[in-house]
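Analysis of the macromolecular model
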Amino acid sequence: MPDRQVVILGAGFGGLYAALHLERALRRERSARIVLLDKENYHLFVPMLHEITSGGVEPRHVVRPLRPLFRKTRVDFRRAEVRSIDLEGRRVLTDHGEAGYDYLVIALGSTTNFFGVEGAAETTFTLTSLKDAVGLRNHLLEMFERADLEQDPGRRRRLLTFCLVGAGCTGVELATELQDLIQKTLLRNYPRLDAREVRLVLPEASGRIIPCVSNRLAWLGLEKLRRKGIEVRLHAPVIAVSEGAVTLADGKVLPTETVVWTAGVKANPIVEGLPVEKDKLGRVIVDEYLELPQFPGVFALGDCAHFWDPRFQAALPPTAQVAVQQARALADNIARALRGQAKRPFVYRHQGDLVSLGSGDGVGEIGGVAFSGLPAWLLWRAVFLGKLIGWKNRIRVALDWIVGALFERDISKLEW
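Note that the coordinates shown come from a computational prediction; the quantities given were computed from them, not determined experimentally.

1. A word on the pairing of strand S9 (residues 103–106)
Residues of S9 alternate between two faces, with Tyr 103 and Val 105 on one and Leu 104 and Ile 106 on the opposite face, all of them buried. In the sheet, strand S1 (residues 4–9) pairs with S9 via four bridges, with the strands oriented parallel. Each residue of the ladder has a partner; that of Val 7, found in S9, is Leu 104. One ladder, built from three bridges, connects S9 with strand S20 (residues 298–300); its direction is parallel. For Leu 104, the partnering residue across the bridge sits in S20 and is Val 298.

Here you go:
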């Protein structure tokens, strides 16, 4: 029987890949049990949530059930929501009891950072879960249905104004997907609506968009967005959100019924509450082995970990490629610790960035080579299709894309 237990919290990119790599590393050994805890029974491919909202991909096609994935492995998956972590007592408290651990992997991800903006948490949409994506899609369709019946021009313009706060990768990809849906599908099916009344506004607090790419590509992306009809407003932080309006720092008020918050993330509240050193985003500070210095055997990665990279002179960003690389290194270090071997420092190798800018367009950099336009978009699709877990999901998403290229997107408003 295994005499030591590794508990992994969260089945996002960090937690899932940590479990998979640790299972492989310990395949010939029976010295430890691996327990994976998550409140959902599936892994969600978050980078494609904007395509769920636009109707380009069906919701079930970007989720991977966890139980079939681990059926023939030693990984013991338990659907349980983590309530707190007792680092001193070496146990995790969940809504279904507690789990003790010898080694702990904290991969609980992040939550939306509203930066203390008045009304933002109460009145805006977010895009972090499958429920968020489907809910936002239904709301978008509802706005067009209501606008189609609205006689007052002012109220109709407010219904047809969509504000996406934050021009990072998520905000930009969502904005361009929604613009494609609006221009190529919705306006064709609502002939009583005037296209000039539809506005998609993207306020950004900083002076540039898409911070993950070079300045040249960011400015190229900005030009592309504006040519598509998206109103990008730089140096325009949002200071308040209320029912029916958004207030910018310059005093301008934007009447709208739809505000989507894509302006940033912070650590999961459970991580924020841990009695260890953290950064201003609530992420726990880890050492070169991704371990909490005060608590040996406790590791953290992904969005909830602050890992300082001396080469970049900055903490690594909360991206999937960072989490996946950290998961591999972390699993190796736990396996080595179980064998009594010395741990190895984590070294991040940046693979590049790709950003979709709607159908047939994109920008990105891989290996120092810049891409834009159709090549960047095709490369984005190829890379993300390959990163989906399981051939069933890859085939389903590929077929969704083929259908989307041949036929108009579905605009049924489905609610259960």
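2. Digging into the sheet that holds strand S12 (residues 199–203)
Here we have four strands laid out as an open sheet, ordered S13-S12-S11-S17, and parallel in their pairing. In the strand order of this sheet, the two ends are held by strand S13 (231–233) and strand S17 (258–261), each with one partner. Recorded for the sheet is a direction-independent mean angle of 20° between the axes of neighbouring strands. Inspection of the sheet shows S12 paired to S13 by three bridges, in the parallel sense. Each residue of the ladder has a partner; that of Pro 203, found in S13, is Arg 233. Along the sheet, helix H7 (residues 169–189) contacts strand S11 (161–165), S12 and S17; its crossing angle with S12, the most-contacted strand, is approximately 175°.

3. Describing the pattern of salt bridges
In total, this model carries 23 salt bridges according to the counting rule given. Between Arg 158 and Glu 257 there is a salt bridge whose closest N-O contact spans 2.9 Å. In this pair, Arg 158 is assigned in helix H6 (residues 153–159) and Glu 257 in the loop between strand S16 (253–255) and S17, connecting sequence segments 99 residues apart. Of the charged contacts in the structure, one is a salt bridge between Lys 228 and Asp 361, with a shortest N-O distance of 3.8 Å. Separated by 133 residues along the polypeptide, Lys 228 in the loop between helix H8 (215–227) and S13 and Asp 361 in the loop between strand S24 (353–356) and strand S25 (362–366) bring together distant segments of the chain.

Criteria and thresholds
Residues numbered from 1 in each chain as written. Predicted model: local features only at pLDDT ≥ 70, side-chain atom pairs only at ≥ 80, totals over all residues. Heavy atoms only, no water. Buried < 20%, exposed > 50% of the residue type's maximum accessible area, 1.4 Å probe, protein only. Helix = DSSP H or I, 4+ residues; strand = E, 2+ residues; numbered from the N terminus. Pairing = 2+ DSSP bridges. Axes fitted to C-alpha atoms, helices over the stretch in contact; angles between N-to-C directions. Contact = heavy atoms within 4.5 Å. Salt bridge = Lys/Arg side-chain N within 4 Å of Asp/Glu carboxyl O.

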